[in-house]
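Tertiary structure, described
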Amino acid sequence: MGAEYNKFAVGAQQASAKVTKAVQAQTGQVAKAAKGVESMGAAARKVKPKMDEFTGGILNITKHLGKWISFNLTWFATWRLMWTALRWLKAGVAAIVDFDTAITALGAITAATQEQLLSLEDTARDVGATTRFTAVEVAEAMVDLSKAGFSVSEVNQMIAGTALLAIGTLSDLTQTTQLVAVSLRTFHLQASEATLVANVFAAAITNSRLTIESLRNSIKYIGPIMAEMGYTIQDTAAVLGVLADRGLEAGISARGLRGFFSALVAPTDKLRRELNRVGLSVRDVTPLTNDLAVILRRLEEANFDVESAMRGLERRVGTTAIALISAGKYFDVLRDAITATTAAQVIAERQVGSLGYRLVLLRSQATELALDFRDLFLPSIQGILSGISALLVAINELTSRIVEVLNVLPPWARQLTIIAGLLLTITTAVGLFAGGLGKGVGLIGLFAAGTGLMYGKIIAGAKAFGIWGLAIAGVIIGLTYLISKI
C-alpha cells in the first residue's frame, strides 16, 4: 500500500510540473500577443494621419471632379438645347417659306381670288394638322391637282380623299394625287367622286398585290381604252388586280390587256378562225357590247385555251389573255369586293392607331405650329430678303460705277488704282484677321487659364493622394477602361 501511494505521489508531482510548465509557456505567448497588439496600435496611430490625408485627398479630387462634370454637363445640355432650338427655328422658317411658295403657286395656277386662296390655305392646313402629311406637302399636292386642270372648289373636294388613300397605303402623297387626278379625267368622273376612286384603289390594293406605283404605271396604258369601251374604274382595278396576283408586272399586264382588247375589238383573221373553231363569234366576245366577266366566262366555257391563244393572238397578248381567262371567276369576286366600299377610310384609321403614325404626326403638328406664326414672321422674312436684295443691287451698281470710272482713266492710272485697291483690300483683310486672331488668343488664354487651374487642382489632389492613392486611382481607371471595352 505504501509503495502504491509513493508511486501515485510521484506521478501527481510530475503532472503538476508539466501543467505549471504549460501555464508558464501560455503566459509567455499571451505576453507576446499583448506586446504585438500594443505594437499594432502604435503603428495604427502613426498611419492615421496618413489615412486622414489620403481621405482628404480623395474628397478634394471628388469635389473638383464633381464641379468639372457639373460644368461640362451644363455646358453640353445648354449647347444641345441651343442647337435644337436653332434647328426648330430653321425648320419653322423653311416651312413658312415653302408653304407660302406653294400657296402662291396654287393661286397663280387656279387664278384664285383672295377669298378662294384663303379657302385653299385653310384646307391645306386642316388636312396637314390631322394627317401624317404636313401642310406644305398637302399644298404641293394641291398644286399638282390644279395643274391637272381642276378648279379651286374641285381641289378642295379632292384632297381629303386622296390623303386618306395615301395614308392607308403608306404611299407618297404626290404620287397618289397624280393617280387620282389621272383616273378622274380618264374615266370622266367628277371631282366630288375622288373619295370613291380612293376607296376603289384602296380596296384593290388590300385585296390583291397591286400598289399605288403599279396602278400609276398601268392606268396610263389601259385606262383610256377601258373608259372608251364603257368599262368602269372598278372593272379596270379588278382586272389589274387579277393579273397582279398572277405575277404579271404592271407595265406588262397593262400592255397585254391593251393588245387583248384591241384584238377583240378588231380581230384578225387568225383570231376569227380560232373563235369559230371553239364555237364563238366576234359578237360574243367584243368588249363594246359585253361585260368583261361575260367575255371571260364564255371564253373559258368554250375551252379557249393556251393553244387557241397562241394561234389566234400575239405571244405577249396570249399570255395575258390566258392568265385572265383562267381567273375569270376571281375577277367577279374582286370586282364585287372593290365596289361600294369605304376601304380608304378603314385602312387609314388602322394606320392612324399605330405608334409610328403618331410619331410622324408630331412633324405635321410642329409644322402647323410654325404656320401659326406665319403672319408674324413672314413680313420679317420678306423684309430681310428685300434688304439683302437691295444690298446686292447697291453693290452691283457701285461695282458698275467703279468700272466706268476705271475705263475713263489712262491705262497707267487704271493699273495704279487697281493695285491700290488690292493693297487696301489686303490690308483690311489682314487687320480683320489680326483682330479675330487677337480674340482667338484671348479665348485660348482663358482656356489655358482654366486648364492651369484644373491642373493645379489635380496636382494638389495627387499630393494629397500620395503614392498609394495614385496607385488606387490608376487601378480604378484601368478597370473602368476594361469594363468599357467589354
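Residues numbered from 1 in each chain as written. Predicted model: local features only at pLDDT ≥ 70, side-chain atom pairs only at ≥ 80, totals over all residues. Heavy atoms only, no water.

Quick look at the overall build of the protein chain now. On a plain count of helices and strands, the protein chain comes out with 19 helices and zero strands. Taken as a whole, the protein chain presents about 29600 Å² of accessible surface, with 65% of it coming from carbon and sulfur. (Helix = DSSP H or I, 4+ residues; strand = E, 2+ residues; numbered from the N terminus. Areas by Shrake-Rupley, 256 points an atom, 1.4 Å probe, with all protein chains shown as cover.)

For the rest of this paragraph, the subject is the nonpolar core. Counting residues in each nonpolar core, the largest one holds 99 residues, and the members touching the most others are Phe201 and Leu299. Among the elements that make up this core, the one with the highest residue count is helix H6 (residues 194-206) (nine residues). Apart from the residues lying within four places of it in its own chain, the contact partners of Phe201 are Leu165, Leu179, Ser183, Leu215, Ile233 and Ala237. (Core = buried A, V, L, I, M, F, W, Y, C linked by side-chain atoms within 4.5 Å. Buried < 20%, exposed > 50% of the residue type's maximum accessible area, 1.4 Å probe, protein only. Contact = heavy atoms within 4.5 Å.)

The next point concerns the packing of aromatic side chains. Under the definition given, this model contains two aromatic pairs. Each ring, one from Tyr231 and one from Phe261, has its centre 6.0 Å from the other, and the planes form 45 degrees; the classification is tilted. Placement of the pair is Tyr231 in the loop between helix H7 (212-228) and helix H8 (233-245) and Phe261 in helix H9 (residues 250-265), with a sequence separation of 30 residues. Residue Phe261 is classed as buried on the basis of its relative accessible area of 1%. A cation sits over an aromatic face here: Arg185 above Phe150, 3.9 Å from the ring centre. Here the basic side chain of Arg255 rests over the ring of Tyr221, its NZ or CZ set 5.3 Å away from the ring centre. (Phe/Tyr/Trp six-rings, centres within 6.5 Å; stacked < 30°, edge-to-face > 60°. Lys NZ or Arg CZ within 6 Å of the ring centre and 35° of its normal.)

Buried within helix H16 (residues 343-352) we find Ala343, Ala344, Ile347 and Ala348. Along the axis of H16, the buried residues cluster in a sector spanning 120 degrees; they form a single face. Along H16, the residues that are exposed and aim more than 90 degrees away from the buried face are Glu349 and Arg350. (Arc of directions from axis to C-beta.)

Per the counting criterion, the structure on display carries seven salt bridges. Put simply, Glu274 and Arg277 hold a salt bridge, and the shortest N to O gap is 3.0 Å. Of the two residues, Glu274 and Arg277 are both situated in helix H10 (residues 269-277); the distance of three residues between them amounts to about one turn of the helix. You can call Glu274 buried: its relative accessible area is 7%. Among the residues examined, Arg277 registers a relative accessible area of 46% and is labelled partly exposed. Among the salt bridges present, the one from Arg311 reaches Glu274, with a minimum N-O distance of 2.8 Å. Residue Arg311 is found in helix H13 (residues 306-312), and its partner Glu274 is found in helix H10; the two are separated by 37 residues along the sequence. Several salt bridges converge on common partners, so that one network encompasses Asp235, Asp291, Asp332 and Arg335. (Salt bridge = Lys/Arg side-chain N within 4 Å of Asp/Glu carboxyl O.)

So, on to the environment of Glu249. Turning to its location among the elements, Glu249 is positioned in the loop between H8 and H9. The exposure class of Glu249 is partly exposed, given its relative accessible area of 44%. Taking C-alpha positions, Glu249 is 9.7 Å from Asn217, a pair spaced 32 residues apart along the chain. In this structure the side chain of Glu249 is engaged in a polar contact, spanning 3.1 Å, whose partner is the backbone nitrogen of Gly251. (Polar contact = N/O pair within 3.5 Å; in protein donor to acceptor, adjacent residues only side chain to side chain.)

Summarising the model, the protein chain shows a mean pLDDT of 78, and 68% of its residues fall at 70 or more. This model gives residues 473-486 a pLDDT under 50, and the stretch forms one contact once residues within four places in sequence are excluded. (pLDDT = per-residue confidence, 0-100.)

Here Asn199 is to be found in helix H6. Not counting residues up to four positions away in its chain, the partners in contact with Asn199 are Thr341, Thr342, Ala343, Ala344 and Gln345.

One can find Ala293 in helix H12 (residues 292-301). Sequence spacing of Ala293 and Val239 is 54 residues, and the spatial spacing of their C-alpha atoms is 9.7 Å. If near-sequence neighbours (up to four positions away) are discounted, Ala293 is found in contact with Phe331, Asp332 and Arg335.

A cluster of nonpolar residues, Ile384, Leu385, Ile388, Leu391, Leu392 and Ile395, forms a patch on the protein surface that exposes about 600 Å² of accessible area. With respect to the helices, strands and loops of the structure, Leu392 is situated in helix H18 (residues 374-408). (Patch = residues over 30% accessible without salt bridge, like charges linked within 9 Å, V, L, I, M, F, W, Y side chains within 5 Å.)

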